[in-house]
Amino acid sequence: MSDRLDDKIAIFEQVHPSKLPLVSPGVLTPSVWSKIKRGLREFCLHKKIAAEDRSKMVIAAFRDVEIAEDLENNYDEVIKLSLDELMDRIRDNFLPKDWADAVSNQLLSLRMSTNTTFLSHYNTALGRNLMLKGTDMFLDDCAFINQLKSSIPTELYALARDEGLTREYDLKKFKAGLVEVDKKRVNDRKRIRDEAEDVARKQFGLSNGNNRYTTTIPATTNYRPRLPSSSSSRPPSTLISIGGPVRLKQLTKREQSYLMETRGCLKCRQPNMSHRAADCPNGFPDATFTLHIPASFRAVTTIPSNAQRNGSTAGYDKNKGKPVAAFTPSNWGDEESNKDEVAAVLPSAVIEDFSDESDPVLN
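Bear in mind the structure is a predicted one, so any value in this text is a computation, not a measurement.

Trainee: Mind showing me how you'd approach the packing of helix α3 (residues 65-73) against helix α5 (residues 83-94) here?
Mentor: Two quantities define a packed helix pair, namely the angle between the helix axes and the distance between the axes. Two elements in contact, α3 and α5, have axes separated by 12 Å at closest approach and are oriented at 125 degrees. Between α3 and α5, the crossing angle belongs to the class labelled oblique. When the axes of α3 and α5 are compared, the crossing they make is right-handed. The segment α3 lies against α5, with E66, I67, D70 and L71 engaging L86, R89, N93 and F94. Of the residues assigned to the contact of α3 with α5, the class counts are four nonpolar, one polar and three charged.

Laid out in structure tokens, this is it:
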């Protein structure tokens, strides 16, 4: 047994079955030891090395100083061992003392996830059990089958029981039967998931393409698609749409001017209202709403740009209000000159800042 405290774990490397594998210096773990044993066996079979010569041909694979020194000091004894006996010697001398307890605990606590297949679960459990071969913790076929039955999901166990597999203690027949039953379970889950997604697409109007709103429905038999709440302040057409949500467009400067001069609400976007956006009882309109402005409307209120709102434009002071254009004829008393009137733009008043969406107030 080894009590090495190295932090570095040995690594097994094999480029090709025809090439001798290499084991880097470091501490051996049960999983690495299992890979070494399997890789050396494949190498000997590929090179057609006789059974009595295999140990002599593979001892050069170990590059760790401690292992290499032990094999060299006991060379005459080692070359007489079979490959399995050589690997058992390395396991007993260089694996941690409690390796068998650790592997046995991993095997007995192993549980199959519902998202994995039984075949994958079986191979994992079998690999850990084979590591224990030659120890008193190794599980025979009967005990191994009982462990597998206790580690599979309840759904799969019920299907196996209906097929009479829970009373089968021939490992090959038990494995073959569970693999077929598990395929049926996976297909049923896929069918239920597809049916649930079809229901969701029909009720929510989701497309069958690869868009961001294609949902993944859990494969449960009691799934019920959730409909939009009737208490939602927005109409259903704005909650979900094919290819993405329809967003309400921002007001243009002309639309803002129209609503300000008609004492309208910037939230519900209706003119001649007695409330402000802050206390609007109507809420935002539908995404397809269009504000209709008379063609004869001419904007008087000047809407500042985004740069002016942020105070970055020279000559504009946000706290001093917004300028309003006033018009006056060039000559008030001369009727003859009124024939060729010219409008002059004079600074008349400013509108106080109503960035809080309040009604405009003239200074």
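Trainee: So what exactly am I meant to see when it comes to helix α1 (residues 30-46) here?
Mentor: Look at α1: 24 Å from first C-alpha to last across 17 residues, which is about the 24 Å you get at 1.5 Å a residue. Taken together, the buried positions of α1 are occupied by P30, V32, W33, S34, I36, K37, G39, L40, F43 and C44. Looking at the buried residues of α1, the elements they touch are β1 (12-13), β2 (22-23), α2 (54-58), α5, α6 (99-108) and α7 (118-131). Trailing α1 by a residue or two, K48 shows a phi angle of about 55 degrees, which is positive.

Trainee: Is there a simple way to explain the packing of α6 against α7 in this structure?
Mentor: Look at α6 against α7: their axes get within 9 Å of each other, and the N-to-C directions meet at 155 degrees. When the axes of α6 and α7 are compared, the pair comes out roughly antiparallel. In this structure, the crossing between α6 and α7 has a hand that is left-handed. The residues of α7 that touch α6, namely those facing W99, V103, Q106 and L107, are A125, R128, N129 and M131. Of the residues assigned to the contact of α6 with α7, the class counts are five nonpolar, two polar and one charged.

Trainee: Would you mind showing me how to read the packing of aromatic side chains here?
Mentor: The relation between two aromatic rings is expressed through the spacing of the ring centres and the mutual angle of the planes. Counted according to the given criterion, the structure contains four aromatic pairs. Ring geometry for F118 and F174: centres 6.4 Å apart, planes at 80 degrees, overall edge-to-face. Of this pair, F118 sits in helix α7 while F174 is found in helix α10 (residues 171-204), placing the two residues 56 residues apart along the sequence. The residues F118 and F174 share a single accessibility class, namely buried. Measuring from centroid to centroid gives 5.3 Å for Y258 and F297, while their planes differ by 85 degrees, and the two rings are edge-to-face.

Thresholds applied
- Here the residue numbering is sequential within each chain, running from 1 through the sequence in written order.
- Per-residue local features of the predicted model are confined to residues with pLDDT of at least 70, and side-chain atom pairs are confined, for both listing and counting, to 80 or more; whole-chain, interface and lining totals are unaffected and use all residues.
- Water and hydrogen atoms were dropped before computing side-chain values, which therefore reflect all heavy atoms in the structure.
- Between N-to-C directions, angles cover 0 to 180 degrees, with each direction set by a line fitted to C-alpha atoms, over the stretch in contact for helices.
- Note on conventions: DSSP H or I runs of at least 4 residues are helices, E runs of at least 2 residues are strands, and numbering of each starts at the N terminus.
- Every angle not falling under 35 degrees, over 145, or within 65 to 115 is termed oblique; those three ranges are roughly parallel, roughly antiparallel and roughly perpendicular.
- We call a crossing left-handed when the near helix sits turned anticlockwise from the far one by less than a right angle, and right-handed when that turn is clockwise.
- Should any heavy atoms of two residues lie within 4.5 Å, those residues are counted as being in contact.
- Polar here means any residue outside two lists: the nonpolar Ala, Val, Leu, Ile, Met, Phe, Trp, Tyr, Cys and Pro, and the charged Asp, Glu, Lys and Arg; Gly therefore counts as polar.
- Helices are assigned an expected span. That span is 1.5 Å times one less than the residue count.
- Buried means the residue's accessible area, taken with a 1.4 Å probe over protein chains only, is under 20% of the maximum for its type, while exposed means over 50%, and partly exposed covers the values in between.
- In summary, the pairing rule links any two rings of Phe, Tyr or Trp, Trp by its six-membered ring, whose centres are within 6.5 Å, and it sorts them by plane angle into stacked for under 30 degrees, edge-to-face for over 60 and tilted for everything else.

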